Every structure is written in C-alpha cells, then in structure tokens.
Protein chains: 2
Amino acid sequence: MYFLLKFVVYAFVVGVVASLTIEERDEANWGGDNASSDTSITNFTIEFEDEVVKDLLYRINNRRKLTPPLKDSAFTYGFNSDQLPDWMNYWANTYNFAERVQYLNQYTHYKTYVQGLGIHFLRVTPEVSSDVEVVPLLLLHGWPGSVREFYDAIPLLTAVSSDRDFAVEVIAPSLPGFGFSDATSIQGLGATEMATVFKNFMKQLGYNQFYVQGGDWGGFIGSMIATLYPDVVLGYHTNFAIAISPLSFATWFAGAVSPSLVADTSVQDRLYPLLTTLPWMMRETGYLHLQSTKPDTLGPAMESPTGMLSYILQLFSMSSRRENVDKTDGGLDLFTKEQLLDNLMIYWITNSFTTSSRLYAETFNTRNLLEGIWATPTSVPTWTAHTKHEMIYMSPAMLKSKFTNLINSTIFDDYGHFFAFEQPDEYSNEVLNAISAFRDYRAKSDTCQLI
Amino acid sequence: MYFLLKFVVYAFVVGVVASLTIEERDEANWGGDNASSDTSITNFTIEFEDEVVKDLLYRINNRRKLTPPLKDSAFTYGFNSDQLPDWMNYWANTYNFAERVQYLNQYTHYKTYVQGLGIHFLRVTPEVSSDVEVVPLLLLHGWPGSVREFYDAIPLLTAVSSDRDFAVEVIAPSLPGFGFSDATSIQGLGATEMATVFKNFMKQLGYNQFYVQGGDWGGFIGSMIATLYPDVVLGYHTNFAIAISPLSFATWFAGAVSPSLVADTSVQDRLYPLLTTLPWMMRETGYLHLQSTKPDTLGPAMESPTGMLSYILQLFSMSSRRENVDKTDGGLDLFTKEQLLDNLMIYWITNSFTTSSRLYAETFNTRNLLEGIWATPTSVPTWTAHTKHEMIYMSPAMLKSKFTNLINSTIFDDYGHFFAFEQPDEYSNEVLNAISAFRDYRAKSDTCQLI
C-alpha cells in the first residue's frame, strides 16, 4: 500500500528517469572504510557461541510481564501474547541449540567479497554423469527469511533425475545486511543495487549466465537483475510476481469495473472486490510502512527475543493464510517450531534485524522509484507461481507490461508467501518445471535464429 | 495518512451510520471481570519500586550491541543509534530516580472507577477569594505522552490573576490503558468510547459542565466529548485541530489548485504543495500505521528500555520540528532530559506501551469510522491553536464543517506537537485566553436569549 501510494504520487506526476549508468552501478563500493577487495572464496561455518546462547536464554527467562491479549482477539491485534510463553519456553528449553547448528551446517557454507561487502552463501552441486548438464540457479530469500527457507527444497532441487537432461546447482546467498552477509555502512543499498551485487557475485563464482528464483525481496531483486542485466539471466522464476508500474496498477483498478478483463474467474477473488483487498493490504502492511521509513527507530527494541519472535512470527502467520488472523495460535503449526526458530536464530546471532529492515527504506523511496527500473520491461523468459494466500496477486494481464516474455503463470489453490519453506515439494517441482521450460524456450529461440 | 485513506475507502463509498445510542455508551462496562463499581475517590502515589528500577538498570546496562547508523544519516532512518549510549547512560546514572518520583508526586494524585475502569488523575484547585469563579478544565494528554506533559503548565493555568474574574481548576486524567489508569481487557475502547468515560468521570467528580483542552489523542477525545455531549462542554480548546470529514479533506485537495481559497497566504506552506506535505506525512506515520493495526505484535519488544526510548523519543523529535530529522541529535534538546525520561518512566513502570498503543487500533478502524461521529458537527464553542510544526494543519475553512462555532484559530510561527510540554507559558496564555473568550461568548449568548 505504501509503495503503491508513493508510486501514484511520484511516478505519474513527476515521471521517470534512470539516473545511474550500469558502469556506475558496477563500481559502487558498499564496504565503506572496511571494504575488502579479496575476491577469494573461503569456507564458512555457522556457530551458536555459548555466550550468545547464554545471553539469549537470560533474556528469554527474564522477560517482562506480558500484556494479556484483549478478550477473544486471536491474532487480530497482532501476535496473541497468550501464545508467547509456550514459544519462549520451547526456544529456551526444547530447541536443541547444538543439534540445530549442526543442521544449519549440513550444507557447505562459503563467503566471498563483492563490491567490498562480505557475501555469505550456500553452494550445493549435484554429482552427475557426463550426459547431464549442470545449470546454476541463484536462490534469493526475503524478509524476515533467510537461506533457511530453502533447506528442505535444496535436496529436491539438486536431485538428479532420469527424466531430465540437466541437474540444478543451487547458489543461495544471504542478502547484504541479512544473516551472515555483511551490512553496508553507506546509504543507498536497495533492491536495485543488490541486483548488481548479485550479478557480480555470480560472475565472481564463474557464472556468466544463470537462472534466478526468489520470493519476497528475492523476487524483487531477481526482477531487477533480469531488468538491468537481461543477458545474464537464462530465466527468472518468482513466487512473488509484482510489476510496480503505472500500467499494472491502472489495470488492477480498471478491473474493479470488469474483473474478467484482468483475471480468470477462478482467481478474481484474489484481486476484487477492492473494498476487501485494499483494506486487507492496509491492515497487514504496517510493518512495511514503518520499516520503509524508520528502520533504525524500531531496531534497538529487537534486543528482546520475545519482541523479535512476536514481530517476525506474526508476519509468518499473516502471510501464510488469510484465516490465520482469526486463529488463537496464528496457524503457525504450518511450520515446525524448529523451522521458525532456526530462521529466528539467524537474525538473533547476527543481530541483523536493523540492517535487514533497512532494505525497505533503501528501496521504497523516491530516488529508487524515480529511476524507473521498477517499471522498465524485461524480455527475460519469466515464469510466475501464485499461491492462494500470497499477499498480492497480479494476473498475467497486469504482469505483461513488465515481463514481456511471461511464458507461464501457475495458479496454486492453497499455500502461502513462504512457498519454499512451507511446501518444498511443490515448490521444487514448480521451479524444475520452469527451468525445463526456459531451456526449451532458449533451444527453440536458438534454432529459429539459425534458420 | 492511514486513516485518511481508510476514510476515503469507506466513508465515501459505504456511507455513515451512527450505531450506538448514548444510553448504550453510558452503560458500557470496560472493567471486564475485574470491574469495580466503587465510585469513591482515593489518593494515589506514584512509586518507583526498587525492584523495577533495578531491573530497568540491568536492562539498560546489558543492552545488546547497537547497529551503527548509516553514514551521515542523522535521524533520516529513525533514531540515530550513536545517540543512544548517552541517553541510556544518562537514564541509568544521572537521572535521579528518588528526586524524580518526588517531582512527579508534587501534585495530589487520585484514582476512581468509571464504567468499571480505574482512572488516575491529578486535580489542582486554586485558592481564590469569593469574587473569583473557579472553572473546571479537563486536560487530556496524548500518545506517547502522559499527564507529565502538563506539569510545567499547571501552575500557570491555575494561577489566580487580578486580570481575570475566574481561575482554572485543572483535572488531568491518564487515559485508559495509559500510565496509572487501568487498561480494558475488552475490545472496542477507542477515542469515542473514551469520550463517554470522561464525560462520566467528570460527572462523578461533580462537574456537570466543564472546559476541555487537549492535543494529540486528547484533542480527538475532546472533540468527541464536544460532539456526543455538547451540553456538558463549555468550550473546547485544542492544539491538534482535525476534522476527519469528507468535506474537510475535499477542501484540502481542492486547495491544491487554488490555495488561497483554503488558507491565508502566511500558512499555505503548512498545507501545500501536496507533493511535499503528503509524502512527509507518509514518511512520518509508519508508527501510526503499525499501531493502528498490530499493536500487540509490537508491544513485547518494548521490554527493551533502549528500544522504547528509541521508539518514543524519535516521535518527540519528529513531531517537534520538521528540521529535526536532519539533526544528529534529533533536536531533542528542545526538552530537558528529565522531561523526556519522566514521561518514559510513566510508560516503563506501568508497562503500558501495548495497552496505550491499542488506542490507535480501537479508533482507526471501520467500526469507528462508520459510526460517523468523526464527521458529525458540534456547536460547542471551539478555539484552536496551530503551532508551526504540528503534524497536520487544518485551516478554519477545513475545520468549520465540524466545528460550527469556531470562534478563533491562533497561528504560532514556531513550536511543535507537544505544545504544553515544550512551551508551557505560551500554551497557558493561549488556553486562558480561550476560556475568557468562551465565557464572554456564553455571557453574550445568555444575554441574547434573555432578550
């Protein structure tokens, strides 16, 4: 809602100017005074330091008295505090720190420096016979997620199958300011700038061309890579397909009068009536508004593990199912407690709530919107997945002005925003199908060019 | 911005219905299972319990590592964390808890039960000679403020002067859910419902008619009392004059074309250009959006004193001067550290961040807007004060559809949102002038009726 508004105010009235050249983007150094030009790739291991865990346990066990929820309010005023003691006790007493850090280290972790910033990543390479081609897939997570979102999907994505003449190598970095990647000390590192960082990152790893997949911020950044560097992206798959362009929003609003012009009958309820969808978006995007404007005001309070859990898990609840707001437990049993706490641990041990939240402020601002990259079309073959409970649905009619080669949009009649995390099977099938289609599409294009 | 939007979406499209009768309002019991029907008035003393202070000091001194601000960002990303160590050290080591609690207890505090809820208040009665009439003034604070806002103004407001044939008795309650007043456990206690609570509160104290003054929420609630119970309000003064009505906003937007139809030349810059005022409002109201929708998600994190200070003081910075956002220290030296920390202590010791924040959610919602009380006119004599840096300026042309007896609007060329707190002298003069004018107005009306 917030950036939609900004867009209406600015993009229509003031117009659109791309302000930075590709060269300027490439040369940006985000490391500030601590920048490293070391481009070697080193191993990295996640650690839950004793002292950090001890401090965390102290904070959990010495939390202040919680304010009881209002009567019968479920999650309608936010995280229901009657649920917090169970969560906090589980985190302190049942969550097995030693086992979980081993779990998180099951994949090989690496770190390298790109544009002066240390970037952490997982790389999982399948072993294949000579007749199988290995193709690189850049997997980008979002907020308040992490590489942990992909843990269950990685074995499925990288599996070798006799049905396919290719196998996928997964490269899953932590976004700058998130988890184990460095945060910048300089203003201006938004989604567009991260797109350049990840293009350079992939090049540094030896990939001149690759596939991209992402949801949430990962989807935005992937879309930016496809827009700025169409030649390096073999195909772009997202489960958070948004075209922030005047035409797209105009199409949406025009469809209020005649929905069938905009979307198939079966999914019109994801867009209309506007009197349902717009107020829902307004009600659920307060976090986005605050983080887009005052991330540093909010950050210090997240030294409270109870507060961080409440803040982050309410978003997992809201974004997973519309009906969760009316459930006493917020419907969080869609995930295991270990899944959600592993992800929280990544924020906690790296103390990265503030730096990660700044991505909103660095992206949803005037400078970024005026550059016009959001609305610039890309010809990269694009495949979108639409889960039922995704926060925003955009139909092909709304997406095509941005993604001119939209080769497929898969509609799911269930599932939520954290698709890979919640449904690793469905997610992996979907992504593998998309990569197959991208390969077919490219093969056909190449043949046509030969003829 | 948020409620403006809601209003546009709802009030225009759906229309306006008043759903509760005055009788139903009067009978509402907000005490829930703990309701008390004891209507006696008892003394109350603020205490800083040793254990609470000890716990606070531990939390301050064992805060987590702060995230450094981005280079040269001042307060543009929110509270600049380079400022936090000084603030936290001052709170822990220089702020004199024993002296300050004595300071807070300098006025006599009371408590009584209204509609089942314990209401805390100050009452300061001037000693006068027989030719001076004592008139009651209900002083209502806002968020994130408290009765502490009025401490410096109270002696000035209650002073007896030979220039006046009246003297003011101040009654300053803590709003329900704020400070030392009880919080409800039941959904639905918004600004409109608080208006009834305070009408009943004043009646219980023996005042059938009184003056009302307030800014921020105090202004809203005062406006609601004047709307629902015009016969009990002798005059309404506010330094936060807002008419949330379609006509008022339509006037504002229409004025974008021809500002002089809406406001005097000297204050047009407080309304226009919309491309300045609307984005400013959007940028500064993330807290309002989040608290209007998910107060319970945010609340638990405020067990961090560093977080609570950062969150609350950034709002004092922003709302006091437009230019504070570009100052490294946020311009907070407009207030003494004791002023700001006293106010924080009231939130801290009562653990009332969550319950007070809920007022946003209970007010800026569909139910409340559909009742139409916001847009219902009141004939109560009204006097508005407009400081230069107030978050929103509404000219008489915008206010008159709501306040049909707007007898004066004072323009100040300086000062901010916390007028009484920042400028007790100017504030008190202004309020006393208004009460004089209300008395003259009533005397004239009575005379006219007699003739």
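Structure: see above.
Residues numbered from 1 in each chain as written. Chains lettered and ligands numbered in written order. Predicted model: local features only at pLDDT ≥ 70, side-chain atom pairs only at ≥ 80, totals over all residues. Heavy atoms only, no water.

1. Digging into the packing of aromatic side chains
The criterion, for reference: For Phe, Tyr and Trp, where Trp contributes only its six-membered ring, two rings pair if their centres lie within 6.5 Å, and the inter-plane angle classes them as stacked under 30 degrees, edge-to-face over 60, or tilted in between. Strands are runs of DSSP state E lasting at least two residues, helices are runs of H or I lasting at least four, and both sets are numbered from the N terminus onward. Burial classification: accessible surface area is computed with a 1.4 Å probe over protein chains only, and a residue below 20% of its type maximum counts as buried, one above 50% as exposed, and the rest as partly exposed. Throughout this description, the term charge over a ring refers to an Arg CZ or Lys NZ atom that lies within 6 Å of the ring centre and within 35 degrees of the ring normal.
One pass over the structure, following the stated rule, counts 75 aromatic pairs over all chains. Seen from their ring centres, Trp143(A) and Tyr287(A) are 6.4 Å apart, and the 10° between their planes marks the pair as stacked. Pair noted here: Trp143(A) is in the loop between strand E4 (133-140) and helix H6 (154-157) and Tyr287(A) is in helix H11 (residues 286-293), with a separation of 144 residues, a long-range link. With respect to burial, Trp143(A) and Tyr287(A) carry one shared label: buried. Ring centres of Phe316(A) and Phe418(A) lie 4.1 Å apart, and the angle between their planes is 20°; this geometry places the pair in the stacked category. One end of the pair, Phe316(A), is in helix H13 (residues 305-320); the other, Phe418(A), is in the loop between strand E9 (406-411) and helix H18 (419-422), with 102 residues separating them in the sequence. The same class applies to Phe316(A) as to Phe418(A), namely buried. Looking at Arg100(A), its charged tip hangs above the ring of Tyr103(A), at a distance of 4.3 Å from the centre. The ring of Tyr110(B) carries Arg123(B) above its face, with NZ or CZ at 5.9 Å from the centroid.

2. Let's talk about the pairing of strand E8 (residues 382-386) of chain B
Residue and element names in this part refer to chain B. Under the convention used in this document: In this analysis, strands are considered paired if DSSP registers two or more bridges between them.
Most of E8 is tucked away: five of the five residues are buried. The pairing of strand E7 (residues 233-238) with E8 spans three bridges and is classified as parallel. Among the inter-strand pairings, threonine 238 is bridged to a residue of E8, identified as threonine 384. Here E8 runs beside strand E9 (residues 406-411); their pairing, made up of five bridges, is parallel. Paired with tryptophan 383 across the bridge in E9 is asparagine 408.

3. Focus on a negative patch on the surface
Test applied: Patch members must show over 30% relative accessible area and no salt bridge, and they are joined within 9 Å when carrying like charges or within 5 Å when they are nonpolar side chains of Val, Leu, Ile, Met, Phe, Trp or Tyr. Using the Shrake-Rupley algorithm and a 1.4 Å probe, accessible areas are obtained, with residue cover drawn only from the displayed protein chains. By convention in these notes, a salt bridge is any Lys or Arg side-chain nitrogen within 4 Å of a carboxyl oxygen on Asp or Glu. Only four residue types enter the tally: Lys and Arg on the positive side, Asp and Glu on the negative side, with His and both chain ends excluded. A charge is said to be at NZ when it belongs to Lys, at CZ for Arg, at CG for Asp and at CD for Glu.
On the surface, a cluster of negative charge is contributed by Glu47(A), Glu49(A), Asp50(A) and Glu51(A). In this fold, Glu51(A) is placed in helix H3 (residues 50-61).

4. What to know about the sheet that holds strand E4 (residues 133-140) of chain B
All names here are of chain B. As a reminder of what qualifies: Helix axes use the C-alpha atoms of the stretch in contact, all axes being lines fitted to C-alpha atoms, and the angles between their N-to-C directions lie in the range 0 to 180 degrees. Residue contacts are counted whenever heavy atoms from the two residues lie within 4.5 Å of one another.
The mixed open sheet is built from nine strands, whose spatial order is E1-E2-E3-E5-E4-E6-E7-E8-E9. Since the sheet does not close on itself, it has two edges, and those belong to strand E1 (42-44) and E9, each with one partner. Neighbour-to-neighbour, the strand axes of the sheet open up by a mean angle of 25°, direction not taken into account. Lying over the sheet, helix H7 (residues 191-204) contacts strand E2 (109-114), strand E3 (117-124), E4, strand E5 (166-173) and strand E6 (210-214), oriented at roughly 115° with respect to E2.

5. Looking at the interface of chain A and chain B
As a reminder of what qualifies: Put simply, buried area is the surface a 1.4 Å probe can reach on two separate parts but cannot reach once they are joined, added for both. Distance and chemistry together define a polar contact, namely a pair of N or O atoms within 3.5 Å, with one atom able to donate a hydrogen and the other to accept it when in protein, and with adjacent residues in sequence counting only for side-chain atoms on both sides.
Taken together, the contacts link 68 residues of chain A with 68 residues of chain B. Here chain A packs against chain B, burying approximately 5700 Å² in sum over the two surfaces, 57% of which is carbon and sulfur. Along the contact surface separating chain A from chain B lie two salt bridges. Across the pair Lys294(B) and Glu284(A) runs a salt bridge, and its minimum N-O distance is 3.1 Å. In this structure, the connection of chain A to chain B is made through 35 residue pairs in polar contact (both at pLDDT 80 or more). Elements supplying a minimum of two residues to the side of chain A that touches chain B: helix H1 (2-14), H3, helix H10 (274-284), H11, helix H12 (295-298), H13, helix H14 (337-350) and helix H15 (353-363) of chain A. Ranked by the residues each element gives to the side of chain A that touches chain B, the list is headed by H1(A), at six residues.

6. A short note on the packing of helix H4 (residues 84-94) of chain A against H13(A)
Residues and elements named next belong to chain A. Formally: Convention used here: angles under 35 degrees read as roughly parallel, angles over 145 as roughly antiparallel, angles from 65 to 115 as roughly perpendicular, and any remaining angle as oblique. The crossing is said to be left-handed when, going from far helix to near helix, the turn is anticlockwise and less than a right angle, and right-handed when the turn is clockwise.
Close contact between H4 and H13 brings their axes to 11 Å; oriented N to C, the two are set at 115°. Taken together, the axes of H4 and H13 are roughly perpendicular relative to one another. In this structure, H4 crosses over H13, and the sense of that crossing is right-handed. Seen from H4, the contacting residues are Leu84, Trp87, Met88 and Trp91; seen from H13, they are Pro305, Thr306, Leu309, Ser310 and Leu313.

7. Topic: the relation of the copies chain A and chain B
The following threshold applies: Each copy is superposed on the other by least squares, with the fit set by C-alpha atoms of residues at a pLDDT of at least 70 in both.
Mapping chain A onto chain B leaves a residual RMSD of 0.0 Å; the transformation is a rotation of 180° accompanied by 0.0 Å of translation along its axis. What we have between these two chains is a two-fold relation. Closest approach to the rotation axis among the C-alpha atoms of chain A is made by Ala301(A), whose C-alpha sits 2.6 Å away. Comparing interface residues between copies, 100% of those in chain A also lie at the interface in chain B; the contact surface is shared.

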